[in-house]
Amino acid sequence: MEKLWGGRFQEKSDKWIDDFGASISFDQQMAKEDLAGSLAHVAMLSKCGIIPASEAAEITAGLKILQEKLALGELEFSTVNEDIHLNIEKLLHEEIGPVAGKLHTARSRNDQVATDMHLYLKQAVAEIIQSLKHLRVVLVQKAELHVETIMPGYTHLQHAQPLSFAHHLLAYFGMFTRDLERLEESVKRIDISPLGSAALAGTTFPIDRAYSAELLGFSAVYENSLDGVSDRDFIIEFLSNSSILMMHLSRFCEELILWTSHEFQFVELTDAFSTGSSIMPQKKNPDMAELIRGKTGRVYGNLFGMLTVLKGLPLAYNKDLQEDKEGMFDTLETVQTSLDIFAGMIETMKINTEIMEESTQKDFSNATELADYLAKKSVPFREAHEIVGKLVLACTQKGIYLQDISLNHYKEINSLIEEDIYDVLSSKTAVKKRNSYGGTGFDQIRVALTNAKKTL
């Protein structure tokens, strides 16, 4: 079969070489966008008088037939025609004959592929944004149920200070809100039309780029044709934003994996998001959380792969840019699925509130409360810190906790210590009193929830 660009070539390449150079195995995912771009382009050619209206109508009818066949799964693509653009052109030729060749007037595959990717990514990012919004709703709903659920807060994965579980959830709400803002902000750089940039230098035909951009729903056009065909910043930005988002998901998944362990038992995932063992009957593994954690590295790899492809490319188009698609497609699928799985895990997981709270009563996460108590009795905080540190050491040696120390012993340390010290050392009191703005105090969390609902 003759190649559509084969006029100056005398020899035919071997099939295995064609297969290596072809991208149709993956860029056929953009068939819908390629047809949409072609419809806009032929409408523009007709409007500008570049091809007769009758021929434009014939081409348009043929493209719409291909759209119908695509929807029915009836289009067959071939590696002989390399990519989605040449495959569509060949299929159009089979439908309407030689007039199909006029569709490629005043455009190149270089601006075609860039247009397809802008269209594809714009729609896909919109879907990810919706999934991210749903996850934020799930987090707020779960947080509302657990404002007064107490859990240990950690630094260095050691018990630090008690927290409200809602406060912990809302920390991730903040992260996912920033992820959402990054994605929404990036849309304006995706929503630009390269169509009409042609191969690299524009075209001698009197085209109307603004018109084709308008038909495709783009908000702007590239001001520079070289930039239009060679820019992949919008993909890098998406991959970067996705890497940050996946990192946030992965951190939370790591905590879920810890919390579901026998040592923690803070939460239990439903059977739908767990798997068993082929040899150990008792196992209930948090495999979905582990997979999301693992797939985060995959998304990072796609980002670094794209950066590496681009780092040495001169302007304008180079065949290296064919490597821009698979990583983008893979990241889109990975992020979308991960968000949906993760939202399901959070929405359905069981919280073992009693175990969570109990874990804050047999530790020294209330040590700061005692130091603050002494400081409020006019003991310099550094001195209070040292006093409490020595008390903790003594307690660990005796196998007791700060709330187990007698009032008489406390008074020997400082005569101003009163009976209220035991209420102060209560983990629930410790959480309740942390009412500085953004703190874990119950009143602050309720304010945070009100603010979160406003942003939803």
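Residues numbered from 1 in each chain as written. Predicted model: local features only at pLDDT ≥ 70, side-chain atom pairs only at ≥ 80, totals over all residues. Heavy atoms only, no water.

Engineer: Looking at this structure, I do not really get the pattern of salt bridges. What am I missing?
Structural biologist: Two side chains carrying opposite charge are able to pair once their charged atoms lie near each other. This structure, assessed with the given rule, holds 26 salt bridges. Here Lys 69 ties to Glu 95 by a salt bridge, and the two come within 2.5 Å at their closest N and O atoms. Residue Lys 69 is located in helix α4 (residues 53-71), and its partner Glu 95 is located in helix α5 (residues 84-96); the two are separated by 26 residues in the primary sequence. Assessed through its relative accessible area of 28%, Lys 69 is described here as partly exposed. Its relative accessible area of 32% is what places Glu 95 among the partly exposed residues. Put simply, Glu 82 and Arg 109 hold a salt bridge, and the shortest N to O gap is 3.1 Å. (Salt bridge = Lys/Arg side-chain N within 4 Å of Asp/Glu carboxyl O. Helix = DSSP H or I, 4+ residues; strand = E, 2+ residues; numbered from the N terminus. Buried < 20%, exposed > 50% of the residue type's maximum accessible area, 1.4 Å probe, protein only.)

Engineer: Before we go on, may I ask you to explain the pairing of strand β2 (residues 158-164) in this structure?
Structural biologist: Successive side chains on a regular strand alternate, one facing one side of the sheet and the next facing the other. Pairing of strand β1 (residues 150-155) with β2, which is carried by 5 bridges, proceeds in the antiparallel orientation. The residue of β2 that forms the bridge with Thr 155 is Gln 158. If you look at the hairpin formed by β1 and β2, you'll find 2 residues sitting between the two strands, and His 156 has a positive phi there, around 60 degrees. (Pairing = 2+ DSSP bridges.)

Engineer: Help me understand the packing of aromatic side chains in this model?
Structural biologist: For any pair of aromatic rings, the description rests on two quantities: the centre-to-centre distance and the angle between the ring planes. Scanning the model with the defined rule gives 11 aromatic pairs in all. Here the aromatic rings of Phe 165 and Trp 259 are separated by 5.9 Å at their centres, their planes lie at 65 degrees, and the arrangement is edge-to-face. Residue Phe 165 is located in helix α7 (residues 165-190), and its partner Trp 259 is located in helix α10 (residues 233-259); the two are separated by 94 residues in the primary sequence. Each member of the pair, Phe 165 as well as Trp 259, carries the same accessibility label: buried. Between Tyr 410 and Tyr 422 the ring centres are 6.2 Å apart and the planes differ by 70 degrees, which places this aromatic pair in the edge-to-face class. Of this pair, Tyr 410 sits in helix α16 (residues 407-413) while Tyr 422 is found in helix α17 (residues 421-424), placing the two residues 12 residues apart along the sequence. Judged by relative accessible area, Tyr 422 falls into the partly exposed class, the value being 25%. (Phe/Tyr/Trp six-rings, centres within 6.5 Å; stacked < 30°, edge-to-face > 60°.)

Engineer: For this particular structure, what's the right way to read the side chain of Asp 324?
Structural biologist: Note on placement: Asp 324 falls in helix α12 (residues 324-348). On the accessibility criterion, Asp 324 (1% relative accessible area) is buried. Ignoring sequence-local partners within four residues, the contact set of Asp 324 consists of Met 117, Arg 232, Ile 235 and Met 306. (Contact = heavy atoms within 4.5 Å.)

Engineer: Sorry, what's going on with a nonpolar patch on the surface here?
Structural biologist: A cluster of nonpolar residues, Tyr 300, Phe 304 and Leu 307, forms a patch on the protein surface that exposes about 280 Å² of accessible area. As for its placement among the helices and strands, Leu 307 is situated in helix α11 (residues 287-310). The exposure class assigned to Leu 307 is partly exposed, which follows from its relative accessible area of 37%. (Patch = residues over 30% accessible without salt bridge, like charges linked within 9 Å, V, L, I, M, F, W, Y side chains within 5 Å. Areas by Shrake-Rupley, 256 points an atom, 1.4 Å probe, with all protein chains shown as cover.)

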